[in-house]
Every structure is written in C-alpha cells, then in structure tokens.
Amino acid sequence: LSFRTLKGAKFINIYRYFTDKEVWPRGYPLTYILSDEKAESVHMESQVKLWQFLADEDPDVDAIYRLTNNTPIYFKDSGPIVLDRGTVCPINSQNTIFYKQLFPLLYLPAFVTFRFTDILRGLIAQPLLWDHGYRLGFGGVTVIQRRNPHDYLKDFESEVPVYLYSEKVVDATREALTNTAINDLGEQLKLCYKALFD
C-alpha cells in the first residue's frame with residue numbers, strides 16, 4: 001500500500017504531525033525537543049507491520065511534559081503516517097499492533113526500569129524492521145486514555161535511562177545489525193540486546 005512517508009531525519013516527533021501543541025512522545029530524545037529537524041514527506045509503497053495508534057486526552061508523554069505542562073492533548077486526524085528506513089520515533093506498548101511476523105519483537109526487557117522497557121523495545125524494533133523490509137506506521141486516535149494517578153517525580157526517576165540512552169540505543173542496534181550476516185529476527189534481537197549489554 002502507498003502511505004504518506006517521512007524520511008531523511010534521524011528522529012521524528014510524530015505528535016507534531018497530529019497537533020500544534022508542544023508535546024512529544026515518551027522516549028523522544030530531549031536534545032531534539034527544541035530542534036526543528038525536518039523530514040521529507042513523500043508517498044511511497046510500504047509494508048507496515050507495526051502500527052502505533054494515538055490516544056486522546058492523556059497520551060503517552062514523559063514526566064518532563066507532565067511536570068511542566070500536563071494539559072490534555074486532543075489530536076487531529078492527519079491520516080496514517082509511515083516512517084522510512086533511518087527515521088525513528090519512540091513507540092510504547094499502548095494501542096500498538098504487531099503483525100505475527102514480528103512477534104519476537106514483543107519481548108519486554110525486565111532488566112531496565114518500568115518506564116524504559118517498552119521504549120527500549122520500540123527503539124530496538126525499528127532497525128530490525130528496516131532490516132526485513134518492513135516499516136513502522138502511526139495511525140490516528142482510536143482510544144481516549146484517562147490515566148490513573150501517578151507520582152510524576154517517580155516517573156521521572158524511572159525515565160532517566162530514556163533521557164540518557166534513546167539515541168544511543170538506536171545507534172548501537174544499527175551497528176550490531178550492520179556487522180552480522182544473521183537474518184533470523186529472533187537471533188538478530190538477541191544480538192542487539194547483547195550489543196547493548198556489552
């Protein structure tokens with residue numbers, strides 16, 4: 001299928017394509033929040049095997065947003081958007097669809113903080129998608145989220161690795177995949193985690 005596709009930027013704040021509010025997804029590198037990295041928007045054919053849909057009212061944002069703003073967010077319908085090879089946006093475990101071919105990527109690492117585990121999974125998944133010819137897509141709002149009460153400072157503490165390592169995770173994963181002839185998704189996943197552990 002042909003989708004509107006973003007390409008040519010390392011990290012994309014996908015929320016910017018669905019709202020004019022200053023908001024970003026949890027896991028988005030802090031160094032990019034004020035930057036204006038532009039992506040080229042083209043229509044191209046893609047096999048999208050991982051979809052992240054949006055949530056209105058209280059989407060998945062980080063503790064910094066919640067501690068400094070925390071206004072409800074309502075996204076506009078912009079149609080589906082796909083990220084091309086080399087362009088990353090963090091995804092979480094909420095309102096996300098993995099096609100069967102990608103079931104090994106459902107693994108959630110238990111050796112990192114709770115607020116990092118699904119972000120880490122999504123950051124590792126994207127270079128693996130590219131390696132198999134698949135892409136990540138973002139769809140519009142399909143749910144309203146009313147979040148249970150959280151201690152935002154505790155969330156912040158749990159998110160520190162997110163702020164420090166998101167970009168490094170993508171770089172290390174890409175490097176690990178560049179230096180291997182392994183083509184099995186599950187084995188590649190193990191290789192990526194080993195590289196991060198090392």
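Above this text is the structure in question.
Computed from a predicted structure; not experimentally measured.

Draft legend 1. Here's a closer look at the sheet that holds strand β1 (residues 2-7). A sheet is described by the order of its strands in space; here six strands give the open sequence β2-β1-β4-β6-β3-β5, paired in mixed fashion. At either margin of the open sheet sits one strand with a lone partner, and together these are β2 (40-45) and β5 (96-98). Neighbour-to-neighbour, the strand axes of this sheet turn through a mean angle of 35°, independent of strand direction. As paired elements, strand β4 (residues 81-83) and strand β6 (residues 135-145) share three bridges and run antiparallel to each other. When the bridges of β6 are listed, Leu83 appears paired with Leu136.

Draft legend 2. Just the side chain of Arg147, in detail. With respect to the secondary-structure elements, Arg147 resides in the loop between β6 and α3 (152-178). A polar atom in the side chain of Arg147 sits 2.9 Å from the side chain of His150. Side chain to side chain, Arg147 and Asp155 meet in a polar contact 3.2 Å long.

Draft legend 3. Up close: the pairing of strand β3 (residues 48-57). Most of β3 is tucked away, with eight of its 10 residues classed as buried. Where β3 meets β6, nine bridges bridge the pair, whose relative direction is parallel. Paired with Phe53 across the two strands is Gly139, which belongs to β6. Pairing of β3 with β5 involves three bridges; the strand directions are antiparallel.

The rules behind the values
- Residues numbered from 1 in each chain as written.
- Predicted model: local features only at pLDDT ≥ 70, side-chain atom pairs only at ≥ 80, totals over all residues.
- Heavy atoms only, no water.
- Pairing = 2+ DSSP bridges.
- Helix = DSSP H or I, 4+ residues; strand = E, 2+ residues; numbered from the N terminus.
- Axes fitted to C-alpha atoms, helices over the stretch in contact; angles between N-to-C directions.
- Polar contact = N/O pair within 3.5 Å; in protein donor to acceptor, adjacent residues only side chain to side chain.
- Buried < 20%, exposed > 50% of the residue type's maximum accessible area, 1.4 Å probe, protein only.

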